[in-house]
Amino acid sequence: MGNWSTVTEFTLTAFPAFLELRILLFVVLLLTYTLTATGNIIILSLIWTDNRLQTPMYFFLSNLSFLDILFTTTIVPKLLACLLEEKKTIPFAGCIIQVYFYFFLGTVEFILLAVMSFDRYVAICNPLRYTIIMNSRTCLLLVLGCWLGAFLSVLVPIIVVTRLPYCSKEINHFFCGIAPLLQAACVDTHLIEKMNFLLSALVILSSLAFTTGSYTYIISTILRIPSAQGREKAFSTCASHITVVSIAYGSNVFVYVRPNQNYSLNFDKIAAILITVVTPLLNPFIYSLRNEKVKEVLREAMDRIMSLILRKT
């Protein structure tokens, strides 16, 4: 029986056999990754260079954009390399690092989305005290809490996975994840699956419950605003976040809040595309297209760039 110290690499086996299809997937994923990185970098640049966006809401949004860049970079570059390589392997250490950062960054995002909903709750339900409650020190502590809490919450499960004996060096996925690693293990992983289920449920469902509670109060407060214009303005500040929350929780709940992690790896592969590629791509476009202030700042930045180009020509 093998053990963790003798396994030096895994082979990823979920890639299509036809070269033409792999090249097509490579082009699509490369384009998507480029758009994701570009969109989130633009959001980061606008927030950190324009004084109108120096507010708690956009501070949290800049962290979400930074998080999306890191999250896709954890998976996509290796995925692109495997699409073109004949030997689709990943070192054991690289596999564990990928698993850790995938779940670490995913956990940060869920906690951050809950924090962002709290920010909107204070802004709409308690506007007179907003600047006092959501001061720069509080915002910084909340963000640090997101990263530290996520770091600690996924540390123990990953350590457990590294200590498992593995009978197979093949992983039935296109990147390293908990479920395909458990399938490759030699031992009964039922207890580990339960532990992962409980941790996933704790993180995802608790943050979802907090977010839902926040928006219940927010919506009830908005409905009490007497003017239609006031209600529309208040709701517009939350629309982008509600959209992002719906996509994030909708795609993750069915994959990770499930007692049997080996239930359907084929379903997991499809959902993983949505989680790792599509969602980080959509986030910057959702926030730029549905947020009037971001659109205004973006238009002004584009105008300045165009006028600079015209002057040089």
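Residues numbered from 1 in each chain as written. Predicted model: local features only at pLDDT ≥ 70, side-chain atom pairs only at ≥ 80, totals over all residues. Heavy atoms only, no water.

- By the naming in an unreviewed UniProt entry, the chain goes by Olfactory receptor and is assigned to Equus asinus.
- The chain has a UniProt comment under Sequence similarities (unreviewed entry) that states "Belongs to the G-protein coupled receptor 1 family."
- Its UniProt record, at the heading Function (unreviewed entry), says of the chain: "Putative odorant or sperm cell receptor." (UniProt positions renumbered as here; feature names shortened; annotations may be inferred.)

1. Re the overall build of the chain
No. 1: Per the secondary structure count, the chain includes eleven helices and three strands.
No. 2: Dimensions of the chain, computed from the C-alpha atoms along their principal axes, are close to 70 × 55 × 30 Å.
No. 3: Within the chain, the fraction of its 313 residues that count as buried is 47%.
No. 4: As displayed, the chain has an accessible area near 15800 Å², and 70% of this comes from carbon and sulfur atoms.
No. 5: Here the chain contributes 23 positively and 17 negatively charged side chains, and the mean placements of these two sets differ by 7 Å. (Helix = DSSP H or I, 4+ residues; strand = E, 2+ residues; numbered from the N terminus. Buried < 20%, exposed > 50% of the residue type's maximum accessible area, 1.4 Å probe, protein only. Areas by Shrake-Rupley, 256 points an atom, 1.4 Å probe, with all protein chains shown as cover. Lys, Arg positive; Asp, Glu negative; His and termini not counted. Charge placed at Lys NZ, Arg CZ, Asp CG, Glu CD.)

2. Things to note about helix 11 (residues 292–312)
No. 1: With 21 residues, helix 11 extends 30 Å from end C-alpha to end C-alpha; this agrees with the ideal 30 Å at 1.5 Å per step.
No. 2: Among the residues of helix 11, those classed as buried are Val294, Val297 and Ala301. All buried residues of helix 11 fall inside an arc of 70 degrees around its axis, so they share one side. Residues of helix 11 that are exposed and angled more than 90 degrees away from the buried face: Glu292, Asp303, Leu310 and Arg311. (Expected span 1.5 Å × (residues − 1). Arc of directions from axis to C-beta.)

3. Some points on the pattern of salt bridges
No. 1: The final tally for this structure, using the stated rule, is six salt bridges.
No. 2: For Asp119, the salt bridge identified is with Arg120, shortest N-O distance 2.9 Å. With respect to burial, Asp119 and Arg120 carry one shared label: buried.
No. 3: Each member of the salt-bridge network shares a partner with another, and the members are Asp50, Arg52, Glu296 and Glu300. (Salt bridge = Lys/Arg side-chain N within 4 Å of Asp/Glu carboxyl O.)

4. Structural notes on a nonpolar patch on the surface
No. 1: A contiguous nonpolar surface patch, about 470 Å² in accessible area, is contributed by Phe18, Leu21, Leu24, Leu25 and Val28.
No. 2: With respect to the secondary-structure elements, Val28 resides in helix 1 (residues 19–49). (Patch = residues over 30% accessible without salt bridge, like charges linked within 9 Å, V, L, I, M, F, W, Y side chains within 5 Å.)

5. Some details on the side chain of Ser117
No. 1: Summarising the element assignment, Ser117 is placed in helix 3 (residues 92–125).
No. 2: A relative accessible area of 0% places Ser117 in the buried class.
No. 3: With near-sequence residues (within four places) excluded, Ser117 lies in contact with Phe210, Thr211, Ser214, Tyr215, Ile218 and His241. (Contact = heavy atoms within 4.5 Å.)

6. Section: the UniProt feature "transmembrane region" (unreviewed entry) in the chain
No. 1: On the UniProt side, "transmembrane region" (unreviewed entry) is annotated at positions that read residues 23–48, 60–80, 100–118, 139–160, 197–218, 238–258 and 270–289 here.
No. 2: Spanning residues 60–80, this segment combines 100% helix with 0% strand, and its end C-alpha atoms are found 30 Å apart.
No. 3: A distance of 33 Å separates the end C-alpha atoms of residues 139–160, which is 95% helix and 0% strand.

7. Considerations on the environment of Cys167
No. 1: Here Cys167 lies in the loop between helix 6 (155–162) and strand 3 (170–171).
No. 2: Through-space distance from the C-alpha of Cys167 to that of Ala184 is 6.1 Å; in sequence the pair is 17 residues apart.
No. 3: Beyond its immediate stretch of four places on either side in the chain, Cys167 contacts Ala184, Ala185 and Cys186.

8. Structural notes on the packing of aromatic side chains
No. 1: The full count for this structure, using the stated rule, is 19 aromatic pairs.
No. 2: When the centroid spacing of 6.3 Å and the interplanar angle of 65 degrees are considered together, the rings of Phe92 and Tyr166 count as edge-to-face. A residue pair is termed long-range when its members are at least 10 positions apart, and Phe92 in helix 3 and Tyr166 in the loop between helix 6 and strand 3 qualify at 74 residues. Just as Phe92 is buried, Tyr166 falls in that class too.
No. 3: Here Tyr121 and Tyr217 contribute two aromatic rings whose centre-to-centre distance is 6.0 Å and whose plane-to-plane angle is 70 degrees, an arrangement assigned as edge-to-face. Here the residue Tyr121 occupies a position in helix 3, and Tyr217 occupies one in helix 8 (residues 190–223), the gap between them amounting to 96 residues.
No. 4: When its relative accessible area of 29% is taken as the criterion, Tyr121 is described as partly exposed.
No. 5: Each member of the aromatic cluster is reached from another via a ring pair, and the members are Phe66, Tyr100, Phe101, Phe104, Trp147 and Phe151. (Phe/Tyr/Trp six-rings, centres within 6.5 Å; stacked < 30°, edge-to-face > 60°.)

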